[in-house]
Amino acid sequence: MNYILTGIIVLAVVILLGSMIRTVRPTRRGLVERFGKYDRFSSPGLTFLLPFGVERLVEVNITEQMVSSEKREIITADSLNAVVDSNIYFKVKPDEDSVKASQYGVNNYTEQIIALAKTTLRNIIGTMTLKQANSERSTINKALYDQLSKETAAWGIDIVRTELKEIVPPEAVQQVMNQVVVANNEKMAAIDFATATETKADGARRAAIKEAEGQRQSQILTAEGEAQAIKLVNEAANLYFVGNAQLLKKLEVVAQSLQHNSKIVLPEGQSLVNVIGNLAGEMPPPKRKE
């Protein structure tokens, strides 16, 4: 009987200790409430609570979280109904005051952030045309981030970043925009083709000019070479045959004779010079009398 009673007591103590010990993970922070009133802050590790519901542990996630502002229609400044959606990334600051503010300063901060994001996007995009909203997404993201950071500062929330997921125009507007894009692409293709054709024609024209210029330069060089050769021949004739007209005539006769394969017979007792002179129409000088 004593063993049974002892066992019951031991079991009760174990159950009691189990209800008194709590473990807080590193990704969370704890708020210990006693009789429904905040009592102390609990860091990661073991936390001991008074049993029988005297104390209660409220755990708060401090890791980065993401919520969507959910798709909703917003009327732009040019009276178009655009469907807008965005993501908001945030986390609860890990210090005691921030964790307390996230639980006691706002009722369900996740829902509050979503509602605040919807209102802020409506106010921002409502002042912009659809074209501006699509081309100035970074401006919208920054305005949304600044507004959410300001509004949630008292909740112990840190807005990490905001991302505008999409701005979808009405279907009819989307079709017109697609047609404009196609027309612009076709225009750019036509311009590129015309530019390529013009470039090709200009290249062919330049090549023809270069070829003509090369031929012209070649002809000039040939003419200059021939003129230089004639000049050198004239200079040589003036240098070596001045005052020797008879000798030059003899050489010309010999050259012409040899050119036509003429045979020259030397009479006995006459020299080649005398024979050439006779051919050139020149009489040999008279012999001196002994």
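Rules behind the numbers
Residues numbered from 1 in each chain as written. Predicted model: local features only at pLDDT ≥ 70, side-chain atom pairs only at ≥ 80, totals over all residues. Heavy atoms only, no water. Core = buried A, V, L, I, M, F, W, Y, C linked by side-chain atoms within 4.5 Å. Buried < 20%, exposed > 50% of the residue type's maximum accessible area, 1.4 Å probe, protein only. Helix = DSSP H or I, 4+ residues; strand = E, 2+ residues; numbered from the N terminus. Contact = heavy atoms within 4.5 Å. Salt bridge = Lys/Arg side-chain N within 4 Å of Asp/Glu carboxyl O. Pairing = 2+ DSSP bridges. Axes fitted to C-alpha atoms, helices over the stretch in contact; angles between N-to-C directions. Polar contact = N/O pair within 3.5 Å; in protein donor to acceptor, adjacent residues only side chain to side chain. pLDDT = per-residue confidence, 0-100. Patch = residues over 30% accessible without salt bridge, like charges linked within 9 Å, V, L, I, M, F, W, Y side chains within 5 Å. Areas by Shrake-Rupley, 256 points an atom, 1.4 Å probe, with all protein chains shown as cover.

(A) Seen up close, the nonpolar core. Residues Tyr-109, Leu-121, Ile-140, Ile-157 and Ile-167 are the most contacted members of the largest nonpolar core, which totals 31 residues. Counting only elements with at least two residues in this core, the list comes to β5 (55-61), β8 (81-92), α3 (109-125), α4 (130-135), α5 (137-152) and β9 (157-168). Excluding residues that lie within four positions of it along the chain, Tyr-109 makes contacts with Val-60, Asn-61, Gln-65, Phe-90, Val-92, Ser-102, Gln-103, Trp-155 and Ile-157.

(B) Local environment of the pattern of salt bridges. Scanning all chains against the criterion turns up 13 salt bridges. A salt bridge links Arg-34 to Glu-55, with the shortest nitrogen-to-oxygen separation between them at 2.4 Å. Pair noted here: Arg-34 is in strand β2 (residues 28-34) and Glu-55 is in strand β5, with a separation of 21 residues, a long-range link. Overall, the relative accessible area of 33% leaves Arg-34 in the partly exposed class. For Asp-202, the salt bridge goes to Arg-206, with nearest N and O atoms at 2.8 Å. Here Arg-206 and Asp-202 lie together in helix α6 (residues 171-241), a separation of 4 residues that amounts to about one turn. The class of Asp-202 is partly exposed, set by a relative accessible area of 26%. The network of salt bridges with common partners includes Arg-34, Asp-39, Arg-40 and Glu-55.

(C) Looking closely at unusual backbone geometry. For Phe-35, which is not a glycine, the phi torsion comes out positive at approximately 55 degrees. Tracing the chain through its elements places Phe-35 in the loop between β2 and β3 (37-42). Note on Phe-35: relative accessible area 68%, which makes it exposed. For Asn-108, which is not glycine, the phi torsion reads 60 degrees and is therefore positive. Of note, Asn-108 is situated in the loop between α2 (96-104) and α3.

(D) View of the sheet that holds β2. Strand order across the open sheet formed by 3 strands is β3-β2-β5, with antiparallel pairing between neighbours. Every other strand in the sheet has two partners, leaving β3 and β5 as the edge strands with one partner each. Here the average twist between neighbouring strands, direction ignored, is 30 degrees. Sheet analysis places β2 next to β5, joined by 7 bridges and oriented antiparallel.

(E) Just the side chain of Thr-47, in detail. With respect to the helices and strands, the residue Thr-47 is situated in strand β4 (residues 45-48). In this structure the side chain of Thr-47 is engaged in a polar contact, spanning 2.4 Å, whose partner is the side chain of Ser-42. Contacts of Thr-47, omitting those with residues within four sequence positions, involve Met-20, Ile-21, Arg-22, Val-24, Val-32 and Ser-42.

(F) Looking closely at the confidence of the model for the protein chain. With 73% of its residues at a pLDDT of at least 70, the protein chain reaches an overall mean of 80. The weakest mean pLDDT in the protein chain belongs to helix α8 (residues 272-279) at 54; the strongest belongs to α2 at 96.

(G) Seen up close, a nonpolar patch on the surface. There is a patch of nonpolar side chains on the surface, built from Ile-21, Leu-46 and Phe-48 and spanning about 300 Å² of accessible area. On the secondary structure map, Leu-46 appears in strand β4.

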